[in-house]
Amino acid sequence: RSALHGSLMVSAQGGSDSNPRWADFASRRWPQLDPQLANGLWPPAWSVLPSFFTDVNPASSEVRDIGTFEYDAVAAIGLAACRVSPRGPLPADFGSRVWAALTNSSFEFEGLTGRVRFDGAGDRDPATASVGLANWNVPQTGSPSTIHRATWDGESFHWEGGSRAQSGLFWN
């Protein structure tokens, strides 16, 4: 326990309150989503409960740090597909053209995770990374937790409390 307590955790950070697209999605659009619109398209075992979007907090780590990357991945494929074949029909080499569009240096958009751009290998461009810094809090009794200290948005840190010194960030 003592070895972990205070350790620095660096992790992919999905939505960030400093990103206006995420803030709007989490506060305004999330509660308006209707699972019934999708439930009719999926097998019954995949159905979403009618109260899902009111019961699940979009700031939970599952939505903010996983779902936002999934959302941006689908958006990236959709935007690239529209760039390749805006009105159809699909060319025989559609997949290759979508890949070429995604990995073209001019392909970029603002997503829920911030600015999204890919490198020539199809990986997220590090300049568009969103990374969180946190410290582990491991009490003598009870469950370990993390204390969020800052978010890197590819351009700058956004510190809890307004500055590194005020954030309480430390490493052991």
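Definitions and limits used
Residues numbered from 1 in each chain as written. Predicted model: local features only at pLDDT ≥ 70, side-chain atom pairs only at ≥ 80, totals over all residues. Heavy atoms only, no water. Helix = DSSP H or I, 4+ residues; strand = E, 2+ residues; numbered from the N terminus. Rg over C-alpha atoms; globule rule 2.2 N^0.38 Å. Buried < 20%, exposed > 50% of the residue type's maximum accessible area, 1.4 Å probe, protein only. Areas by Shrake-Rupley, 256 points an atom, 1.4 Å probe, with all protein chains shown as cover. Lys, Arg positive; Asp, Glu negative; His and termini not counted. Charge placed at Lys NZ, Arg CZ, Asp CG, Glu CD. Core = buried A, V, L, I, M, F, W, Y, C linked by side-chain atoms within 4.5 Å. Contact = heavy atoms within 4.5 Å. Pairing = 2+ DSSP bridges. Axes fitted to C-alpha atoms, helices over the stretch in contact; angles between N-to-C directions. Phe/Tyr/Trp six-rings, centres within 6.5 Å; stacked < 30°, edge-to-face > 60°. Salt bridge = Lys/Arg side-chain N within 4 Å of Asp/Glu carboxyl O. Polar contact = N/O pair within 3.5 Å; in protein donor to acceptor, adjacent residues only side chain to side chain.

Draft legend 1. Fine view of the overall build of the protein. From N to C terminus, the protein includes six helices and six strands. In sequence order, the protein lays out its α and β elements as β-α-α-α-α-α-β-β-β-β-β-α. Here the protein has a C-alpha radius of gyration of 19 Å; the compact-globule value for 172 residues is 16 Å, and the former is much larger. Here the protein holds 172 residues, and 30% of them are scored as buried. Accessible surface for the protein amounts to roughly 10,500 Å². Of this, 59% is attributable to carbon and sulfur atoms. The averaged location of the 17 negative side-chain charges in the protein is 3 Å from the averaged location of its 13 positive side-chain charges.

Draft legend 2. Just the nonpolar core, in detail. The biggest cluster of nonpolar side chains holds eleven residues, and these are Ala76, Ala80, Ala81, Val84, Val98, Ala101, Leu102, Phe107, Phe109, Val116 and Phe118. Those elements that place two or more of their residues in this core are helix 4 (61-84) and helix 5 (94-102). Tallying contributions element by element places helix 4 first for this core, with four residues. When neighbours within four sequence positions are excluded, leucine 102 is seen to be in contact with Ala76, Ile77, Ala80, Phe107 and Phe118.

Draft legend 3. Main features of the sheet that holds strand 5 (residues 145-152). Reading across from one edge, 1-4-5-6 is the order of the four strands in this open sheet, with antiparallel pairing throughout. A single partner strand is all that each edge strand has here, and the edge strands are strand 1 (8-12) and strand 6 (157-159). Pairs of neighbouring strands in the sheet enclose a mean axial angle of 35°, with direction left out of account. Bridge count for strand 4 (residues 131-137) against strand 5 is seven bridges, and the pairing is antiparallel.

Draft legend 4. Quick look at the packing of aromatic side chains. Across all of its chains, the model carries nine aromatic pairs by this definition. Ring geometry for phenylalanine 25 and tyrosine 71: centres 5.5 Å apart, planes at 55°, overall tilted. Of the two residues, phenylalanine 25 sits in helix 1 (residues 20-29) while tyrosine 71 sits in helix 4, which places them 46 residues apart along the sequence.

Draft legend 5. Region of interest: the pairing of strand 3 (residues 114-117). Summarising the sheet, strand 2 (residues 108-111) and strand 3 pair through four bridges and their orientation is antiparallel. Opposite glutamate 108, over in strand 3, you have arginine 117 as the bridge partner. In this structure, the hairpin formed by strand 2 and strand 3 is closed by a connection of two residues.

Draft legend 6. Seen up close, the pattern of salt bridges. A full pass over the atoms with the stated rule returns six salt bridges. Between arginine 64 and aspartate 65 there is a salt bridge, with its nearest N and O atoms 2.6 Å apart. In this structure, arginine 97 engages aspartate 93 in a salt bridge whose closest nitrogen and oxygen atoms are separated by 3.0 Å. The exposure class assigned to arginine 97 is partly exposed, which follows from its relative accessible area of 41%. When salt bridges that share partners are traced, they join Glu108, Arg117 and Asp125 into one network.

Draft legend 7. Examining the pairing of strand 4 more closely. As judged from the five bridges shared by strand 1 and strand 4, these two strands associate in the antiparallel manner. Considered in strand 4, the bridge of serine 11 is made with glycine 132.

Draft legend 8. Structural context of the side chain of threonine 68. Within the element layout of this structure, threonine 68 appears in helix 4. In terms of polar contacts, threonine 68 uses its side chain to reach the backbone amide nitrogen of glycine 15, at 3.5 Å. If sequence neighbours within four positions are ignored, threonine 68 has contacts with Gly14, Gly15, Trp22, Val63, Leu112 and Thr113.

Everything listed is a geometric property; what it means functionally is a separate question.
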